[in-house]
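Chain by chain, the residues:
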Amino acid sequence: MAQRPYIVGNWKMNGTRAMLSEARAIDRAAQRNMKVEVALAPPYTLIHAVHREVEQIGVGAQDCHPGEDGPHTGDVSATMLADAGAKFVILGHSERRQDHGESNELIRQKAESALAAGMRVIMCCGESDATRQSGKAEKFVLGQLRASLPVMDDASERLTVAYEPIWAIGTGKTATVADVVEMHTAIRGLLVELFGAEHGPEIRILYGGSVKPDNARDLLGAAEVGGALVGGASLTADSFMGIALAAGELPES
Ligand code: PGA
């Protein structure tokens with residue numbers, strides 16, 4: 001059965017309590033737009049507050065530590081995030097891979113920990129400009145996913161994949177619809193191989209990288225695109241819900 005488009009806002013290192021009003025506005029708009037599943041990943045400091053303020057949208061985190069507890073100053077475990085109200089965690093984002101040197105192996109351990117804490121996982125992947133120019137984007141992205149996805153038996157319920165070409169993140173450049181479809185089709189093939197014919201076809205594959213209200217319709221209407229992971233344009237209810245609205249207006253597939 002086709003799932004609803006999934007529109008996820010990644011607030012990154014943005015947001016103080018003053019932004020709770022945006023979260024409330026996003027939640028109210030999501031209640032009027034039930035054709036789309038909407039979620040927000042605020043910074044750690046706002047997870048509990050957003051969770052308390054909203055009724056409809058999902059609330060998640062942008063990272064977690066692979067362990068459950070212990071002497072890891074400054075880190076936050078999946079169990080703690082679940083306790084704060086997070087229902088999912090974004091893992092493997094290119095900014096974490098770059099800023100914190102995260103390896104596929106570490107990301108897989110984090111995913112296992114998130115699943116053990118009862119959370120869903122949004123697993124990010126994506127190639128650099130140099131890798132795309134060298135013609136190796138697909139091989140690179142599938143290699144990342146193969147090495148960072150954990151084994152799980154209910155993948156269609158608990159896993160979402162987000163394809164985010166690094167050169168499109170925060171740059172205003174987006175991949176062409178044809179490139180997105182080609183990559184998502186390759187990712188779909190891998191998901192069927194890894195998770196079988198029952199779960200593989202149902203796992204949503206999001207596109208991310210400079211998604212805005214004015215390009216959302218083309219990108220979200222493309223084959224194999226199950227939604228969007230949105231950074232900059234998720235910081236205000238107006239632009240974020242513009243994207244969700246575009247997703248809700250797509251013909252039923
Ligand atoms: P952007 O970020 O929408 O600002 O390009 C997307 C992301 O990094 O998830």
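The notes below deal with the structure included here. Small disclaimer: the values here were computed from a predicted structure and weren't measured.

Below, the discussion takes up the layout of surface pockets. Leftover empty space is mapped by rolling, across the atoms, a probe with the size of a water molecule. Its volume calculated, the second largest pocket comes out at about 540 Å³. Residue lining of the second largest pocket: 21 residues in total, with Y44, Q62, D63, R96 and H100 positioned closest to the centre. Of the residues forming the lining of the second largest pocket, the biggest block, four residues, is contributed by helix 4 (residues 94-100). Class assignment of the residues belonging to the lining of the second largest pocket gives a composition of seven nonpolar, seven polar and seven charged.

Residues I7, L159 and I187 are the most contacted members of the largest nonpolar core, which totals 73 residues. Non-local contacts of L159, meaning those with residues more than four positions away in its chain, are made with V121, M123, L149, M152, L191, F195, I203 and R204. Among the nonpolar cores identified, the runner-up in size contains 11 residues, and A41, C124, A162 and L229 belong to it.

All told, the structure shown has one cavity of 30 Å³ or more when counted by the stated rule. Considering only enclosed or pocket space, the largest cavity measures out at about 30 Å³ in volume. What lines the largest cavity is simply R120, S156, E157, R158, L159, T160 and R204. Every element with two or more residues in the lining of the largest cavity is listed here: helix 8 (155-158) and strand 6 (159-163). The leading source of residues in the lining of the largest cavity is helix 8, at three residues. A per-class count over the lining of the largest cavity returns one nonpolar, two polar and four charged.

The rules we used
Residues numbered from 1 in each chain as written. Predicted model: local features only at pLDDT ≥ 70, side-chain atom pairs only at ≥ 80, totals over all residues. Heavy atoms only, no water. 1 Å grid on protein atoms, 1.4 Å probe; cavity = no way out; pocket = protein on both sides within 12 Å on 5 of 7 lines; lining within 4 Å. Points joined across faces, edges and corners; volume = space filled by probe spheres on them. Helix = DSSP H or I, 4+ residues; strand = E, 2+ residues; numbered from the N terminus. Nonpolar A, V, L, I, M, F, W, Y, C, P; charged D, E, K, R; others polar. Core = buried A, V, L, I, M, F, W, Y, C linked by side-chain atoms within 4.5 Å. Buried < 20%, exposed > 50% of the residue type's maximum accessible area, 1.4 Å probe, protein only. Contact = heavy atoms within 4.5 Å.

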